[in-house]
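# Understanding the architecture of this molecule
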Amino acid sequence: MQCRSVACIWSGTPPIHRVTAAAALNHPPTLYTGGSDGSILWWNLSNNDSHSEIKPIAMLCGHAAPIADLGICCPVVSGEKNTDYSSNVALNSCFNHDGALISACTDRMLCVWSRSSGHCRRRRKLPPWVGSPSIIRTLPWNPRYACVGCCFIDAAHLSDHHLIESAEGGEISMDKESQNRKHPKCTVVIVDTYTLTIVQTVFHGNLSIGPLKFMDVVSSVDDGEKHLSLLADSFGKLQLVPLSRKSHHGDEGETGLQRNSSQQEIEIWEDGLVEAGQVVSIATCRNIVATVLKDRSIFRQLGSAITIGVIFFMNNILCTDGDYGQAHVVGAMFLERNDSGNAQVTGETHESENFLVWSNRGSAIVYMISYLNNTFISEPLCEIPAASYPLDARLSFSFIQLRQILLRIESVCFNVEDPFQWRPRVTIWSLHQKRDDHGKLFHECKMLGEGISFVGWISGASLDHKNESLGGCKTKLTSIQSSVSFSEKTVNSLHTDDSSCYSVPKGQIVSSSMVISENLYAPSAIIYGFFSGEIQVVWFNMFRGLDSPTGSPRLEVDSHISRQTFAGHTGAILCLAAHRMVGAAKGWSFSLVLISGSIDCTVRIWDLDSGNLITVMHQHLGPVRQIVLSPVRTERPWSDCFLSVGEDSCVALTSLETLRVERMFPGHPNYPEKVVWDGARGYIACLCRDHSRIPDVADVLYIWDVKTGARERVLRGTASHSMFDHFCKEISMTSVSGCLLNGNTSVSSLLLPIHEDGSLSQYNLNNSESGATLSKMTGSGTSLANISKLNSGKALPITQVFRSIKQPIKCFCPYPGIATLTFDLAALINPCQKQEPKAKDGDKRENSFTKEQGRATFGPHHMTSDDGFNTDRSSTDAIEEHDWIRSLEEYLVRFSLSFLHLWDIDSGLDELLITDMKLKRPNDFIVSSGLQGDKGSLTLTFPDFTASLELWKSSSEFSAMRSLTMVSLAQHMISLSHSSSAASSALAAFYTRNFADKFPDIKPPLLQLLVSFWQDESEHVRMAAWSLFHCAASRAIPAPLCSQQATHHAKHVKSLTGIGESEHEISRNEGTPVVGFSFEHLMETQTSQFEENKLLAWLQSYEMQDWISCVGGTSQDAMTSHIIVAAALVIWYPSLVKPSVATFVVQPLVKLVMAMNEKYSSTAAELLAEGMESTWKACIGSEIPRLIGDIFFQIECVSGPSANSARGNPAVPASIRETLVETLLPSLAMADILGFLTVIESQIWSTASDSPVHLVSLMTLVRVVRGSPRNLVQYLDKVVNFILQTMDPGNSVMRKTCLQCSMTALRDIVRVFPMVAMNESSTKLAFGGAIGEINSASIRVYDMQSVTKIKVLDASGPPGLPSLLSGAPEMSVTTLISALSFSPDGEGLVAFSEHGLMIRWWSLGSVWWEKLSRNLAPVQCTKVIFVPPGEGFSPNTSRSSIMGSVLGHDREANSPESAKSLNYADRLKLLIHNLDLSYGLEWIGKRNVLLKRHGLEIGNFPL
C-alpha cells in the first residue's frame, strides 16, 4: 500500500482554461468544465435564500490533450447499481448519488473521476484501432456503461463537433468537407466505466454519412426496449446503429457477432438538409430529433424521419446584427423537467418539452414545443440576454442544466494577439417562471449569481484563509434582491470594465515550468519560463547544503527563497531541462546547466551555478517544443547529450561536452509529439501523425539509432503504438522515478504513459560490479553553495546507504505553472532503507542494470577499491554516515510537514511548530492540497482555504491519507528529535481530534483505508493508523453496520454542532458515515431480511471502492478491508453496530485468516483472537476444533522439509505464522480446551514425529498455562499425558525434537499448578486431580526417564473411616488436591487438600520386585494430618475438622442456598472460578512440612 500526499505549488499567474466540454452532476450540485489543454475544473454550486454561488474547487489533471467530451456515469456493479455499499451512507438513488465523471481527450485517454473522493479512480488509454474519442453518452438504462464515439480525422478538426464552439471556431468551409469523397472511418464502442474496458463494439468501419459530429443514444419508436446509436454529420445526415443490451455484461468475445448484425440493420437519413446549410447541433428527446442550423431548427420524428416543425431565429436576439457582427445560433438542447423521473416510470409522455437555443454572443431563448394531433406548436418562454464584452474579445459559450437552473459557461480572451489568455466564467440563471403585477410572465430569466475563476490570483497569494481576497479562487458574486428583472444593460454593466480581471501582462504568463530534483530525496528549485522569453529559477533553501555527509546541513527559519532570472529569448519559453554534467566540457567549468527551447527557434544553454549564458544554438527552423535528456543508464559520451524536438519535424542530438549538434534526425512527416530515448539499447522512438493522407490520418513511429544516426524502422497505424508502448515500458522499468521523464524536464507527466508495475527495486547496486555508481541517477549530489567544500570530502561508500533507491518526494509539472510535490510516506519514514539480497534468479538482471562505465561517483567522492567499497573505512566515517542519514530523515520530515500542514487554523500550534520543530512556513509560495489518482493523475485544489477544506469535506479518502501522513510523520519526528516532542504530540493531536472539533462537517477518515496500513512495515505508520481508527470509529461507522443507537448519537452530535440535515448535505456527503434521515427511514420501512442482504452485500462490495486506487490497492484489498473493519467494530464498539454483524462477519474473518494473505491475515488473526471469548465463541464454538486442525495443517504444509526445499522462502510469511502460533492458537485453545486437547492428541498419531506441529502444540500449552491456567484445571491429566507422550523414549525422533520444549511446559505447569510436582532431580513427576468427586481422588506418579506410571496414590478419604462420611458430599464435585511436594530425597510425597484441611504423606520407597511387577493398585497414605482452621485460608475452605463434616455441623456453611440450586456444570464453573492456586508445601529439613498460601506461612507440620 502506498500513502501519498500531494502539495501543489501554483505560479503567480492563473492557469489558462478554454472550455471545450462541460458536464453537470445534480447530487451534489457540481459542474465540470474541460479545457483545451486537457485540464478539468471542478466547480461547486451553493444555493442560499438570497443568492447562488459557484466557484472552482480543484483542477483535475489526467489529460495532456484537449478534452473531447465529458459525461456523468455510475461506475458500480451492475446488479447493485441502486445502492453503493462502498460508501459509508445509505444511498437511495442509483445515479445521482453514485455519479462520477468520465472524461475523454483527443489522445485516446479516458479517465473516471469520483465525486465522493475527488480523485481519478481509473485512467486508461483506448487501443489505437478505436481512433480518437469525440463524444461520450451514458447508456440511459445502465449508467455504468458509456457509449463512446470515435473518429479518425485530424486532431485540429476535433473541436468542431462540440456544442461548445467559439465564434471563429464554428466557421468551417463546406467545400472542405465536400472534397472528402471517401466515407470517413468511425468507431462506436461501449465502455465499462468501472474498468474502462471495451465490452462491445457497436460500429467499426466507414460511415455512410460525413465525418462524425454528433452522437446520442435513443430508444426505438416501435420497440421501447430497443436502443439505437444516432450518428450525425455537420450536414444533417443521420445514421442509426442498433445497440445490444446483452453483451454489456459479457466480454469482448461477443462483440464480433454483434458488430456484424448491427451493420445489417443500419438506417440512414439523407433528407435535403445539405442545401439548407451547416448543422451546428443536434438534440434528441424521446422520438423527436432537432437539427439546429445557424438560423433555424428543424424537428423530425425519429421513426419516420418526417419533418414535424421548424423554428426560425431571424427575428429575435439569437440572430441580430450589432456592434459585434452577425449573431447566429451555435447550440441547442432539450431541458429536463421536474417530473421527468416519474414520467419514465409510468411510461407517460409529456404534452410539451422545453427547448433551449443559444447564440455565439451568449444570448439564449427557452422554447416550449409540443406535437399533438399532427400539430406542431412552439412558443418562447423566456430569454437570457447576451453577454457584453469588448469588441476585440474572443468568446465561446455553452449552456448546461443543473436541476432547475441554467449555467452559462463562457470562455473569454481579451487579447486577440495572445491566444493563450482564455479565462472561464459561469453565470447562473433561474428557470422558474415569475409573473409580474399584471399577471404576465417574465420574458427574461433571472440571474442568480456568477462565478469567475482566477480573479485576484496574484493579490491573494497569501495563504491566510481568513483573508477574503485569498488568491486563486476568488469568486465574484452578484446578489439580486429586487423583483425587477434584469435588463440587458444591467447584465452588460457587470463586465464592461472588468477585462483586467481576465487579462494578465504577457511577461507574467507561464508558458513552461519544471522542478529540479537533482538528488534522490527532495526538490531543489522550480523553474518558470514565461511568454515574454524570461526564465526565473526559484530555489528551495531548505535543502541546500544537505546533499552529502561532508556538507553541513542547515535550516534557517527566517531565510527566504532565492531567485535567479535569465533573459535572452525573444519569444515564449516552450520547454526546459536541467542536467548535472557527468563529464567535463572542453574549455568550460560548468556542472549544472539549464537548457531552454523557445518559440524563437533557438536553444539556449545556461550555467545555473553562475547564472551566465553558455551558448545559443540554432539547429531548428521552427519553435522548439521539447527537450529530452539522456536516461540514467546511457553510456558516455551520450550521457551528457540531449534531444531537442522542433516544429520543423526535426530532432537534434546535442552534446554538452562539445556544445555542438552531433546527430540530426530529420524526415518526420509532422512534429513528433512524443519522443522517448532508450539509453540502454541506444534507440530513439519518435511518434508523430502523418497528415499526408487525409482523411485517413495515421500515426507513424520512427526508430533511430543514436550511435549511427540511421533510421532503423518506420511503423504505421496500430503497430506504431504497440511498439511505442513497448519502448515506454522498458524505459520505465529501469527508471529511477518509475516514469519516462529522463532527468529534470518540463515535459508534462501526463503526456507519456506511466507503468506503475515497473519496480524501482530492480535497480539495486551490485557490489561486485566495478565502478557502479549513482552519479547519473543523482547528478552530482552537491549543492550550489558547497561545491568547493565537497571537493575536499572523503570517500563515502554511498552504495551501502542507498541500497534501495526510493524517492520520498516526487516532482512533476502536469501543466505550465503548476508544480506538484508527491510525498511518499513509506520513503519519508525510511528513505535509506537497506533491503535483503534478492533471489539468485534475479542476479543476472540486476547485474545488467548496474553496468555503468565511466561514471563519476556520487558527488565528488570516489570508490577506493575494486568492488566499489572503501575497505579502509574508519568508525568515524560510519558515525559520519549515520549522522548524515539521520539529518537527511529529519530534514525530509520538516520539509514535508512545512508543505502539507494546514497553516493558520491553530495559531498556537503554528507557533509551536516554528519554534520547537523548526518548520519554515512556505509563505513565498502559493501552496494548496492535492490527491493522487490512478496512473499519475492528480486532483489539485486551488490555493484557497475553502477549496482545500472542500476536499476534506467531500473525500474521506483524502482525509484518511492526509491525517495518516501527518500523524505518522509527527510520531517519526519524536524519534528523530526529542526536543520537538511537544510540538510533534500537538501536531498529532491536531490531525487526530482537534481539526475535526474545529470543523465538524469534514469527513472522518475512511476506516477501510486505515486498516490497510495496520500491517505496515513502519511502526509509526501502524500506530498512527490504529490511533486514527479509534478516534474516528464512532463517526465513521459504515451505514450497513450502524445500529440505531449510533444513529441517534450521530443526530445528537449534529444537533450540538449545528450541522444541518438538508437534502443537499445528505446527498452530497456520499462517504460520510454519519447516518442521516434517509437511512433511518429506510431502516424503519425495510424488513430484517433486507438488512441482512444489505449487510452481506456491503461485506462483498469489492468492486465499488474508490480508495483502492488512491493507495494502489486491488479488489482483494477492498473486500478484506471490509471484513477487518466490521470485525474490529464488533469487538471494540459492539453497542454501535448491529447485533447481527458478528454472525455475518465471523466466517469471512476465519476464511481470511486461513487465506494466509500477507497484508491482512495477521490482522484478522489478531481480531479473531482478541474477540474469541467475548464475541466469536458464541458464533463458531462448535467449529473451533476444526479451525485448530486447519491451522495445524497450514503449519505442517508450509513448515515441512518439502516446503522449504521447494522454495527459498516459506509460502507463508513469518509474521503470519508468528501471529497464528503466538496469538490465535492460544485464544482458540482457551475458548475450547477440550477440543484443543483432542486435536493435539490426534496430531501425535497423524503427523510425522519431527513435525513442527508438536512443538507448536507444546508452545500453545505453555501460553495457555501462563495466560489462563484455570481453564486447564479439569483437564490436567490430558495435558500431562500429552506432554509425556512427546517425551516417549520409544519415539526417539519426537523425543529429540520436543524434549526441551516439553520440559519447559512441564516446569511451567509445576510452577503454576501446585497440585503438580516434580522432584529436585527431575526424575519423578506427580500430579493429582484438582477438581472432581471425592471418592475418585487419586495422585499419579511417573518415572521421567522411562515416562511410565509407577504409582497411583489413593487420596479419596481418611484411612480407616471411609463409611462415616455421608454420601452427598462425596458424590458431588469438589476440590481434591490443592498442593503436592516431593521430599528432598524424592522417596516421599506430601499432599494438601483444601477440602477437609488434610495433609497426607506417602512413602514411595519400594523394593526391586515391586518395580518389576508394575502394580498400579491405589496406595493408601502413610500418615494423615488434620490442619486446624484459622486465618490465612481461602474463604471457600472448610474451616471445621473432618469430624465436623462427619457430624454435619458445617454442612449448612459448605452448601449455601445459592450453591444448592446449581446443577453439576454450574457448580463446576463456580469451583473453577473459586479455585485457589496459591497453596504451596515446602520442606523444612527431612520431616517437617511448611504450608503456605500467597507466600504467607499457615503452619509447620511434622510428619
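Residues numbered from 1 in each chain as written. Predicted model: local features only at pLDDT ≥ 70, side-chain atom pairs only at ≥ 80, totals over all residues. Heavy atoms only, no water.

### Some points on the overall build of the chain
Scanning the chain from terminus to terminus reveals 40 helices and 66 strands. Counting the 1503 residues in the chain, one finds 60% classified as buried. Sequence-distant contacts, at least 24 apart, represent 64% of the contacts inside the chain between residues at least 6 apart. For the chain, the accessible area works out to roughly 57,700 Å², and carbon and sulfur atoms hold 50% of it. (Helix = DSSP H or I, 4+ residues; strand = E, 2+ residues; numbered from the N terminus. Buried < 20%, exposed > 50% of the residue type's maximum accessible area, 1.4 Å probe, protein only. Contact = heavy atoms within 4.5 Å. Areas by Shrake-Rupley, 256 points an atom, 1.4 Å probe, with all protein chains shown as cover.)

### Overview of the sheet that holds strand S25 (residues 329–334)
The antiparallel open sheet is built from 4 strands, whose spatial order is S25-S26-S27-S28. A strand with exactly one partner marks an edge of an open sheet, and here the two such strands are S25 and strand S28 (375–384). Neighbour to neighbour, the strand axes of the sheet diverge by 25 degrees on average, direction disregarded. Two elements, S25 and strand S26 (residues 353–359), share 5 bridges in a ladder whose sense is antiparallel. Bridge pairing links Val329 to Ser359 in S26. (Pairing = 2+ DSSP bridges. Axes fitted to C-alpha atoms, helices over the stretch in contact; angles between N-to-C directions.)

### Side note on the side chain of Ser984
Within the fold, Ser984 resides in helix H16 (residues 981–998). Under the relative-accessibility criterion, Ser984 is labelled buried at 1%. Of note is the side chain of Ser984, whose polar atom sits 2.9 Å from the backbone oxygen of Ser980. In this structure Ser984 touches Met917, Ala970, Met973 and Ile974, once residues within four positions along its chain are discounted. (Polar contact = N/O pair within 3.5 Å; in protein donor to acceptor, adjacent residues only side chain to side chain.)

### Some details on the environment of Phe299
When you line up the elements, Phe299 lands in strand S21 (residues 296–301). In this view, Phe299 contacts Ile288, Val289, Ala290, Ile306, Thr307, Ile308, Gly309, Ile311, Phe334, Phe355, Ile369 and Phe376; residues no more than four positions away in its chain are not counted.

### Here's the deal with the sheet that holds strand S63 (residues 1423–1426)
If you walk across this open sheet you meet the 4 strands as S60-S61-S62-S63, and the pairing is antiparallel. Of all the strands in the sheet, the pair left with one neighbour each is strand S60 (1379–1382) and S63. Strand-to-strand twist in this sheet, taken as the mean axis angle between neighbours without regard to direction, amounts to 15 degrees. Bridge count between S60 and strand S61 (residues 1388–1393): 4 bridges; the pairing is antiparallel. Note on S61: the bridge partner recorded for Ser1381 is Val1390.

### Focus on the nonpolar core
Core analysis: the biggest nonpolar cluster contains 216 residues, and Phe899, Leu1129, Trp1176, Phe1192, Ile1283, Phe1313 and Ile1339 have the highest contact counts within it. Setting aside residues up to four positions removed in sequence, Phe1192 forms contacts with Leu1225, Phe1236, Val1239, Ile1240, Gln1243, Val1253, Val1256 and Ser1257. Within the second largest apolar cluster, 28 residues are counted, among which are Ala22, Ala24, Ile400 and Leu448. (Core = buried A, V, L, I, M, F, W, Y, C linked by side-chain atoms within 4.5 Å.)

### Remarks on the side chain of Thr1375
Note that Thr1375 resides in strand S59 (residues 1373–1375). A relative accessible area of 11% means that Thr1375 is categorised as buried. Once you skip the residues sitting within four places of it in the chain, Thr1375 turns out to touch Ala1330, Ile1331, Glu1394, His1395, Leu1471 and Leu1475.

### What to know about the packing of helix H32 (residues 1252–1267) against helix H33 (residues 1276–1286)
The contact between H32 and H33 brings their axes to 11 Å, and the two run at 145 degrees. Viewed along their axes, H32 and H33 form a crossing whose handedness is left-handed. Within the contact between the two elements, H32 uses Ser1257, Leu1258 and Leu1261 and H33 uses Val1279, Phe1282, Ile1283 and Thr1286. Split by residue class, the contact of H32 with H33 holds 5 nonpolar, 2 polar and no charged. (Left-handed = near helix turned anticlockwise from the far one by under 90°. Nonpolar A, V, L, I, M, F, W, Y, C, P; charged D, E, K, R; others polar.)

### Some remarks on the pattern of salt bridges
Enumeration over the complete set of coordinates arrives at 27 salt bridges. Of the charged contacts, one joins Arg894 and Glu890 as a salt bridge, the two residues approaching to 2.5 Å between their closest N and O atoms. Remark: Glu890 and Arg894 occur in helix H12 (residues 875–900); sequence separation between them is 4 residues, near one turn of the helix. A salt bridge links Lys1159 to Asp1117, with the shortest nitrogen-to-oxygen separation between them at 3.4 Å. In this pair, Lys1159 sits in the loop between helix H25 (1141–1154) and helix H26 (1161–1170) while Asp1117 sits in helix H24 (residues 1115–1132), placing the two residues 42 residues apart along the sequence. With a relative accessible area of 1%, Asp1117 lands in the buried category. Residues participating in the shared-partner salt-bridge network are Asp69, Arg137 and Asp216. (Salt bridge = Lys/Arg side-chain N within 4 Å of Asp/Glu carboxyl O.)

### Here's the deal with the state of the cysteines
Here is the idea: a disulfide is a covalent bond, and it sits between the sulfur atoms of two cysteines. In this structure the tally under the stated criterion is 0 disulfides. Looking at the unpaired Cys186, the closest cysteine sulfur is the one in Cys151, lying at 7.0 Å. For the unlinked cysteine Cys811, the closest cysteine sulfur is that of Cys813, found at 8.4 Å. (Disulfide = S-S within 2.5 Å.)

### Re the packing of aromatic side chains
For the coordinates displayed, the defined rule picks out 30 aromatic pairs. Considering the side-chain rings of Phe313 and Tyr367, the 6.1 Å spacing of their centres and the 45 degrees angle between planes classify their relative orientation as tilted. One end of the pair, Phe313, is in the loop between strand S22 (307–312) and strand S23 (321–322); the other, Tyr367, is in strand S27 (residues 364–372), and 54 residues separate them in sequence. Assessed through its relative accessible area of 0%, Phe313 is described here as buried. Exposure remark for Tyr367: the relative accessible area of 5% places this residue in the buried category. The structure contains a cluster of three or more aromatic residues connected by ring pairs, namely Phe945, Trp952, Phe958, Phe990, Tyr991, Phe995 and Phe999. Cation over ring: Arg894 sits above Tyr891, and NZ or CZ is 5.7 Å from the ring centre. (Phe/Tyr/Trp six-rings, centres within 6.5 Å; stacked < 30°, edge-to-face > 60°. Lys NZ or Arg CZ within 6 Å of the ring centre and 35° of its normal.)

### Notes on the confidence of the model for the chain
With 70% of its residues at a pLDDT of 70 or more, the chain shows a mean pLDDT of 75. Predicted confidence is poor over residues 340–349, with pLDDT under 50, and the contacts of this stretch with residues over four places away or in other chains come to 4 contacts. Here residues 545–560 scores under 50 on pLDDT; set against residues more than four positions off or in separate chains, the count is 51 contacts. (pLDDT = per-residue confidence, 0-100.)

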